[in-house]
Each structure stands twice: as structure tokens, then as C-alpha cells.
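Structural characterization, general
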Amino acid sequence: MHKRLAILGSTGSIGTQTLEIVSKHPELFSVAALTAWSNSDLLIEQARQFRPSTVVIGNETHYSKLRDGLSGLGIEVLAGRDAFDFVAASASVDTVVAAMVGFAGLRPTAAAVKAGREVALANKETLVVAGEMITNAAARTGSRLVPVDSEHSAILQCITGETMSSVEKIILTASGGPFLNTPAEKLIHVSPGEALRHPNWSMGSKITIDSATLMNKGLEVIEAHWLFGLPADKIDVIIHPQSIIHSMVQFTDGSMKAQMGVPDMRMPIIYALTYPERVVTDLPRPSLKSIGSLTFEEADLKRFPSLSLARTALSAGGNMPCALNAANEVAVTAFLQGRLGFPGIAGAVEYVLEKTLLNNEASLDVYEETDSRSRSLASEYISKTPKQ
Ligand code: NAD
Ligand code: MG
């Protein structure tokens, strides 16, 4: 089993951890393509080490630097968004690791699925925005979508060897983030720095803020709906602050399976790349005696309304999850830049959902139009919302 990987978003948190796995398992993986948005220094370093056939930089102003940094190595250097789609669909790639952040991941992931490539999916926004289009296309082309997200990897590990008809429900665990015990009146004043301090996981900034608002869990409910074909009422969420159980499945006979491990994304990444096989790794093992106890509690939807908003968008269907995602991306950026308070993130999402007209057509055109309209609406909300 040797796989040639295209790693989209190779300079990010998931991208760099995927490359770490490749460097430890050269017998299993090689790199066919690497892509990034603007970090040309790291992309040059990665390309020099892993020698892909092609590298792509999204932001074209970095093209000449990248070309010069890789000259003489026989590596094809491309720039611009269309080049992402080109490498994602390339026949010289076995598996596309979709590890870019946000809506920008949709087009290249859709290109990979349309071309029938296997996709190791970290970019959950793709399924949130376009779950119907992507799963239909995958069914048509035979493209296999394997989750990298730790909760969905856990569910996949629990259902492997089972039949879906014996699944009563799935239970996604959430750490609760840095504000699990922060009272509502204090949430108004939390800073980006505090929100970026996740208790258990080290991740990119967007998903770290999503974890603090619990929007991440809302996005994961939508992601699970499309990955496993389950209705929203069969997807529960529970707070589990230790992040040792990555998710659980309740079966119809009353039995429940949980998948456990230390919070380390390299584990679900390598599982996605070798599924349904397991390989030997030297990744850390959980020490049950030092963990001591595992606890669970209900999510507080009053303090974290983003989770309910995601469920509302999922049950409305059509382009509503796309609007939710766009509003959230704009609001998270505004929060990180100090232009919006923490509760304003959910405020912007609610505002945009209320102003979005349902469109049930599952097409890239509709998603792109909804995304751009929702971004404008979210900016409108942010400009008229005084920061507390
Ligand atoms: P990150 O911010 O660390 O990295 C993002 C990568 O995407 C970078 O390589 C960047 O160059 C690229 N990128 C950014 N904007 C782009 C654009 N407009 N076009 C193309 N490429 C662009 O993000 P991350 O934490 O690695 O997360 C990546 C994805 O994986 C997200 O969808 C996230 O929700 C998901 N995910 C991450 C983790 C984690 O532990 N980091 C866990 C589960 C799921
Ligand atoms: Mg997750």
C-alpha cells in the first residue's frame, strides 16, 4: 500500500502533521503535490524536503519567490486558485489530503471528488457548505471520503465491522473549549488571546475560535450528517473536558462503543490515510492511571448559541449551512482582529441566517452566491454592532 498524496494546505496545522507522518513512513507515503495560500518560505522548505512533482501557491504575489526558491529541482511551480483544482484532480495523485481552512477548501475538494480521487477530509467546511453536492458526486464517481476530524474518525472506527441499521445514535464529544466554565457576563469581554488558548488541542486559529464558541461542534454535527447519512436527531453532543474519548456510537442492542486516545491529530490523520488498515506507529499511548477519570456534561446552549444555530441551519437544509459557515468565517476573522466581541460571532451568524432565503439547489453556483451574499450581510452586522 503506497500512496501518492496531494496535501492541500500543507503549511497549516493538519498539513504539517501530515508531512510529519509522511517523513516517518516513507514506505507508505510519498508527496505528489503541496499547496498553501501565502507561506512561501515554509512551502519552499517542505518542497525541498519532500520533492513533490508540483507545488501551488494561492496568492500569486508569492509566485516568483517560490519559483526562484525551487529552481533547478524539476518541480512544477503554479500559482492561483485554479491550480488548486488542477492538482486535486491530477491522475498522478492517489489521495488528496484536504487540509485548507474554510470555504476556500470547497472547490479543490469538489474537483478531487469529481475526478474520483480518494479524499482524506480535514476541511469540514466542504461538507457543511456542500454536503449534498459532494456526497452525490462521490456516489457517482466512487471517490472515497475518509474523515480526518477526530470525532468522525472515532465514529468510523466504532462502526467499522458493524451495519448502519444497528446504529441507534452517535455521540460527538466536545472539550468545551477554554470558556467551558466562564460565566455569560464574562464572555462579553474575552479577548482573542484568551479564546486562542485551547485546553487540549493545538490547531489553526479559525478552528480554535470555533472550538471556543462551540460552532466547531455544530459544524461537526453537519459533517457527521453527511458522512454517515444520519438525521440530526441521531447525532448527540456531549461535553467531555479531558478529550480522551473522541466520540461514541450507541447501538440498537444497548451496547455502546467509544474510541479513545490522547488528543493528537496525527492519529486520525494516519488512520484516514491507511483505512481500513492499521499500521504500527510510535504515537503516544493514553496513560489511564494518570488520566484518572473521564467526565461528561450537557452543553450549555445559552452561553454557546452557535451550536443551536448550526442545528437550525441543518434542519432548514439547502444553502442555510453555507450561509451559517460564511457568516461564521467573517465573524471569526473580525473577532480575531478585535472588531467584534465574542458573543457577536453567534450574533452575526443569527443575523445572516434570518436574512437568507432558502435555496435547495445543490450546486457550486448557489453555494458561491450564498457565500458571497452572506459575507456581505455578516460585514453589515459587524459594522453596526458596537464592540463591548
Ligand atoms: P491552518 O490555519 O493551520 O492551515 C490552513 C492551511 O490552509 C494553510 O496551509 C493555508 O496556507 C491554507 N489556506 C488558508 N487560506 C487558504 C485559501 N484561501 N485558499 C487555499 N488555501 C488556504 O488550519 P488547520 O487548523 O490546519 O485546519 C485545516 C482544516 O482542518 C480546517 O477545515 C479545520 O476545521 C480542520 N481541522 C483541523 C484540526 C486541527 O487540529 N488543526 C482538527 C480537525 C479538523
Ligand atoms: Mg473535531
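Residues numbered from 1 in each chain as written. Chains lettered and ligands numbered in written order. Predicted model: local features only at pLDDT ≥ 70, side-chain atom pairs only at ≥ 80, totals over all residues. Heavy atoms only, no water.

Turning our attention to the packing of helix α6 (residues 124-141) against helix α15 (residues 320-336). Taken N-terminus to C-terminus, the directions of α6 and α15 make an angle of 140°; their axes are 7 Å apart at the nearest point. As far as their axial angle goes, α15 and α6 are oblique. On α15, the residues that touch Glu 125, Val 128 and Val 129 of α6 are Pro 321, Cys 322, Asn 325 and Glu 329. When its residues are assigned to classes, the contact of α6 with α15 shows 4 nonpolar, 1 polar and 2 charged. (Axes fitted to C-alpha atoms, helices over the stretch in contact; angles between N-to-C directions. Helix = DSSP H or I, 4+ residues; strand = E, 2+ residues; numbered from the N terminus. Parallel < 35°, antiparallel > 145°, perpendicular 65-115°, else oblique. Contact = heavy atoms within 4.5 Å. Nonpolar A, V, L, I, M, F, W, Y, C, P; charged D, E, K, R; others polar.)

Ile 170 and Leu 324 are the most contacted members of the largest nonpolar core, which has 93 residues in total. With 9 residues, α15 is the largest single contributor of residues to this core. Excluding residues that lie within four positions of it along the chain, Ile 170 makes contacts with Ile 155, Ala 224, Phe 228, Leu 230, Lys 234, Ile 235, Asp 236, Met 248 and Val 249. Leu 8, Ala 33, Ala 130 and Met 133 belong to the second largest nonpolar core, which has 31 residues in total. (Core = buried A, V, L, I, M, F, W, Y, C linked by side-chain atoms within 4.5 Å. Buried < 20%, exposed > 50% of the residue type's maximum accessible area, 1.4 Å probe, protein only.)

Position of Ser 13 among the secondary structure elements: in helix α1 (residues 13-24). The spatial distance from the C-alpha of Ser 13 to the C-alpha of Gly 204 is 5.7 Å, given a sequence separation of 191 residues. Contacts of Ser 13, omitting those with residues within four sequence positions, involve Ser 202, Met 203 and Gly 204.

The element helix α12 (residues 266-274) is extensively covered by neighbouring structure, given that 8 of its 9 residues are classed as buried. All of the buried residues along α12 are Arg 266, Pro 268, Ile 269, Ile 270, Tyr 271, Ala 272, Leu 273 and Thr 274.

For the magnesium ion (ligand 2), the protein coordination sphere consists of Asp 149 (OD), Glu 151 (OE) and Glu 220 (OE), at 2.1 to 2.3 Å. All donor residues of the magnesium ion (ligand 2) come from one chain, and their arrangement in sequence is D-x1-E-x68-E. Given the relative accessible area of 8%, Glu 151 is considered buried. (Donors = N, O, S within 2.8 Å, 3.2 Å for Na, K, Ca; no water.)

A word on the sheet that holds strand β2 (residues 29-36). What the 7 strands build is an open sheet, ordered β4-β3-β2-β1-β5-β6-β7; its pairing is parallel. The outermost strands of the open sheet, each flanked by one partner alone, are β4 (76-79) and β7 (145-147). Neighbouring strand axes in the sheet, compared pairwise and without regard to direction, differ in orientation by 20° on average. Bridge analysis of strand β1 (residues 3-8) against β2 gives 6 bridges, and the strand direction is parallel. Across the sheet, the residue bridging to Arg 4 is Ser 30, located in β2. (Pairing = 2+ DSSP bridges.)

Residues Thr 54 and Val 56 of strand β3 (residues 54-57) are buried on one face, and the alternating residues Val 55 and Ile 57, pointing to the opposite face, are buried as well. As defined by bridge partners, β2 adjoins β3 across 4 bridges and the pair is classed as parallel. Residue pairing for β3: Leu 34 is matched across the bridge by Val 55. A crossover links β2 with its parallel partner β3, the connecting element being helix α2 (residues 40-50), and its sense is right-handed. Pairing of β3 with β4, which is carried by 4 bridges, proceeds in the parallel orientation. Residue pairing for β4: Thr 54 is matched across the bridge by Glu 76. In this view, the connection linking β3 to its parallel neighbour β4 by way of helix α3 (residues 63-69) has right-handed handedness. (Right-handed = clockwise from strand over helix to strand, strands pointing away.)

Below, the discussion takes up the packing of aromatic side chains. Inspection of the entire model under this criterion finds 4 aromatic pairs. With a centroid separation of 5.7 Å and 65° between ring planes, the pair formed by Tyr 271 and Tyr 275 is classed as edge-to-face. Pairing Phe 335 with Phe 342 gives two aromatic rings, centres 5.7 Å apart and planes at 70°, and the pair type is edge-to-face. Assigned by exposure class, Phe 335 and Phe 342 land together as buried. A network of ring pairs unites the aromatic residues Phe 179, Phe 335 and Phe 342 as a single cluster. (Phe/Tyr/Trp six-rings, centres within 6.5 Å; stacked < 30°, edge-to-face > 60°.)

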